[in-house]
Amino acid sequence: MAPRRDFYEVLGVARDASAEEIQRAYRKLARTYHPDVNKDPSAEEQFKEISEAYDVLSNPETRRRYDAFGHDYRSVPEGVSPEDFARARAGGGGRRAGPGGTSEWYVSGDDVGIDFDDLFGDVFARGRRGTRGWGAIPGADQESEIELTVEEAYRGGHRAFTISGPGGSRTVEVDIPAGVTDGQRIRLRGQGGHGTGGAPSGDLYLVVRIASDRRYRLDGRDITVDLPLTPWEAALGTAVALDTPGGEAKVRVPAGTSSGKRLRLRGRGLPNPRGAAGDLYAEARIMVPRTLTDEERALFEQLAATSTFDPRRGP
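Residues numbered from 1 in each chain as written. Predicted model: local features only at pLDDT ≥ 70, side-chain atom pairs only at ≥ 80, totals over all residues. Heavy atoms only, no water.

Asker: Got a minute to help me understand the overall build of the protein in this structure?
Answerer: The helix and strand inventory of the protein stands at 10 helices and 13 strands. For the protein, contacts bridging at least 24 residues in sequence account for 53% of all contacts bridging at least 6. Accessible surface, the protein as shown: approximately 18600 Å² in total, 48% of it carbon and sulfur. (Helix = DSSP H or I, 4+ residues; strand = E, 2+ residues; numbered from the N terminus. Contact = heavy atoms within 4.5 Å. Areas by Shrake-Rupley, 256 points an atom, 1.4 Å probe, with all protein chains shown as cover.)

Here it is as C-alpha cells:
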C-alpha cells in the first residue's frame, strides 16, 4: 500500500499557512474534484483525501497534533511528547524534517494498525520504575469509516457496524443522527483504545461515507434527482409525483419547461439538526418514446408542420 500523502501537500499549502489560506485552498480543490462535478473515476477518492486533510488542518487542536505526530495524530495517547514518541519509534524507521525545522520519526511503509501499547510499552515501564513519572495514560482515540445509503443518512436510526482494527474485527452499535453528511464524524465515547493505569479509554470516531446512488446526487445537504417528463408535460405543464429520500413529493412543472431546468423543493434535502434543512432539486429530463404508434406519429408530424418553434434559434 502506498504511503499516505502529507495533508499540507494534499491541499498545496505551506506548513505555516494561515487558516484563511487553508480554507481557500480547500474550496478551490473541492470545486475541481467534487464527484458531482468531476466525473473522472479517481475524483471521488481525491475529494475524500482533500476533505480529510481540510478537516484536520482547519481545526487548531488536530492540526497541532498532526504537526507533532503526522498521520498517527489520533492514535498517540495524550501526554506523550513528540520527543518520546520519536524515541519509541526509533527502532522502526528513520528521521525526517518536521515543521519548524525540527525532526520527527517515521516508520517506512503503511503505519496503519500499529499497537501503541506495544510501541510505548518500554517507555511506560521506565516511568513505572521511576525513570519518568508517566502516571495513568488515557487510551488513544481511534477512527473507522462507515458507509450509509442516502436514505439512511436522511432518516438516521440505530445501526450495528462491524469495523476492523489492530485487535481484529468488532461490532459497534451507533445512533446515527438524521441528516448526517459525507465526511461527518460520529463520536462514540470510551470505545477507542484502552487506557493504562486506570485511565479512561479513548473515543472511537466513525467517519460517514455516503454511497453513490444512481437516483440521488448530493451536494452538502442539497439533493438533486432526475425528473423524467414527456414532451407534452414539459410544454403544457403538469404535477408529477416524485420519489425522494423522505417519501413521495408532488412537483409542479410549469408550462414551457426545458431539459436541464431545476425545480426547487425547499427543505426537502437532508435534514439539519442545527439549522435549515437542505433543498431538493428536480432536474427536468424530457423523454420521447422509442417507438411510435401510427396515431402518435401522425400527431407528431402534425405538430412539426404546425409549430414555428426552432430550439436552435430560441423561442
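On we go.
Asker: Can you walk me through the nonpolar core in this structure?
Answerer: Across soluble globular proteins, nonpolar side chains show a tendency to be buried alongside one another. Residues Ile186, Leu206, Leu227 and Val251 are the most contacted members of the largest nonpolar core, which totals 35 residues. Ranked by size, the runner-up nonpolar core spans 19 residues in total, among them Val10, Leu11, Leu57 and Tyr73. (Core = buried A, V, L, I, M, F, W, Y, C linked by side-chain atoms within 4.5 Å. Buried < 20%, exposed > 50% of the residue type's maximum accessible area, 1.4 Å probe, protein only.)

Asker: What exactly am I supposed to notice about the packing of aromatic side chains here?
Answerer: For any pair of aromatic rings, geometry is given as the distance between the ring centres together with the angle between the planes. Counted under the stated rule, the structure contains four aromatic pairs. Ring geometry for Phe7 versus Tyr66: centroids 4.8 Å apart, planes at 20 degrees, classification stacked. You can see Phe7 sitting in helix α1 (residues 7–11) and its partner Tyr66 sitting in helix α4 (residues 60–69), a full 59 residues away along the chain. Both residues of the pair, Phe7 and Tyr66, belong to the buried class. Summarising the aromatic geometry, the rings of Tyr66 and Tyr73 are spaced 6.1 Å apart at their centres and angled 80 degrees between planes, so their arrangement reads as edge-to-face. Three or more aromatic residues link up through ring pairs in this structure, and these residues are Phe7, Tyr8, Tyr66 and Tyr73. Looking at Arg262, its charged tip hangs above the ring of Tyr281, at a distance of 4.2 Å from the centre. (Phe/Tyr/Trp six-rings, centres within 6.5 Å; stacked < 30°, edge-to-face > 60°. Lys NZ or Arg CZ within 6 Å of the ring centre and 35° of its normal.)

Asker: Teacher, can you tell me more about α4 here?
Answerer: Think of an α-helix as 3.6 residues a turn; residues three or four steps apart then line up on the same face. Among all positions of α4, only Thr62, Arg63, Arg65, Tyr66, Asp67 and Phe69 are buried. Of the residues that open α4, the one with a side-chain oxygen 2.9 Å from the backbone nitrogen of Glu61 is Asn59. Note on α4: the residue one or two positions beyond its end, Gly70, has a positive phi of about 65 degrees. (Polar contact = N/O pair within 3.5 Å; in protein donor to acceptor, adjacent residues only side chain to side chain.)

Asker: Which parts of the structure should I look at to understand the sheet that holds strand β9 (residues 222–229)?
Answerer: Through backbone hydrogen bonds, the strands of a sheet pair up, either in parallel or in antiparallel fashion. If you walk across this open sheet you meet the four strands as β8-β9-β13-β12, and the pairing is mixed. The open sheet has two free edges, formed respectively by β8 (216–219) and β12 (262–265), since each of these has just one partner strand. Neighbour to neighbour, the strand axes of the sheet diverge by 30 degrees on average, direction disregarded. The sheet contact formed by β8 and β9 spans four bridges and is antiparallel. Within the sheet, the bridge partner assigned to Tyr216 lies in β9 and is Val225. (Pairing = 2+ DSSP bridges. Axes fitted to C-alpha atoms, helices over the stretch in contact; angles between N-to-C directions.)

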